[in-house]
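If you want the building blocks of each chain, they are given just below.
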Amino acid sequence: TWRLVKPGGLLHTSKINYNTLNLVMFMILIVFFAHWMACAWRLLPDLENVSDNWVVMLGFDNEEYKMDLDKIMNVYVVSLYWSIMTVTTIGYGDVIPVSICERWFCVLAMMMGGLIFGYIIGAVGNVVQQASAKENEYHKAMNDLKHFMLDNNLPLRLQTEIKQYFQ
């Protein structure tokens, strides 16, 4: 994955628009952060070793959830769901911390998620602003050209050809 996103990597050397590349990079950042946060959220009850935690509360504590791949994926999906809800600041509240350690983890996750989410929102706003700045510059140049052609009384046919050239 690092070979894709590193400077000089595949995404940087391809002919992808810079703004599109930035948006793809932000999506990759969110996916990686959410994945690692989901893994840590699932690991936390095992490390803490208390009987009252989110895994027990949702009924994922029996042995079949440790052996069956489908059940393991169900727990991962719930963890990823919690992670995405935390990172995007939606937070439905159906997967909640139960122990003190889980609450502390949630505080840290919300702080980190808020920072990353805020950074991405600001960066996406900057990408959109840059894209619209180029479009505004083009429209201003076309407007200036139109006034120049009118001020100099250029023939209508020449005006049309010049407009078509710049479009």
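Note that the structure is predicted; figures quoted are calculated from it, not measured.

What counts and how
Residues numbered from 1 in each chain as written. Predicted model: local features only at pLDDT ≥ 70, side-chain atom pairs only at ≥ 80, totals over all residues. Heavy atoms only, no water. Helix = DSSP H or I, 4+ residues; strand = E, 2+ residues; numbered from the N terminus. Buried < 20%, exposed > 50% of the residue type's maximum accessible area, 1.4 Å probe, protein only. Core = buried A, V, L, I, M, F, W, Y, C linked by side-chain atoms within 4.5 Å. Contact = heavy atoms within 4.5 Å.

Caption draft 1: Main features of unusual backbone geometry. Even without a glycine there, the phi angle at Asn49 is positive, about 60°. Mapped onto the fold, Asn49 is located in the loop between helix H3 (18–48) and helix H4 (54–57). Taking the relative accessible area as the measure of exposure, Asn49 reaches 67% and is therefore exposed. For Asn153, which is not glycine, the phi torsion reads 50° and is therefore positive. With respect to the element layout, Asn153 can be found in the loop between helix H7 (100–151) and helix H8 (156–166).

Caption draft 2: Highlighting the environment of Lys134. Among the secondary structure elements, Lys134 is positioned in helix H7. Considering only alpha carbons, one finds Lys134 and Asn152, 18 residues apart in sequence, at a separation of 27 Å.

Caption draft 3: Structural detail: the nonpolar core. Counting residues in each nonpolar core, the largest one holds 22 residues, and the members touching the most others are Met37, Trp41, Trp54, Phe60, Trp82, Val95 and Phe105. Of all the secondary-structure elements, those providing two or more residues to this core are H3, H4, helix H6 (69–87) and H7. It is H7 that provides the largest number of residues to this core, a total of seven residues. Among all residues touching Trp54, those that are not within four sequence positions of it are Trp41, Arg42, Pro45, Phe60, Val75, Val78, Ser79, Val95, Ile96, Val98 and Glu102.

Just distances and angles here, no functional claims.
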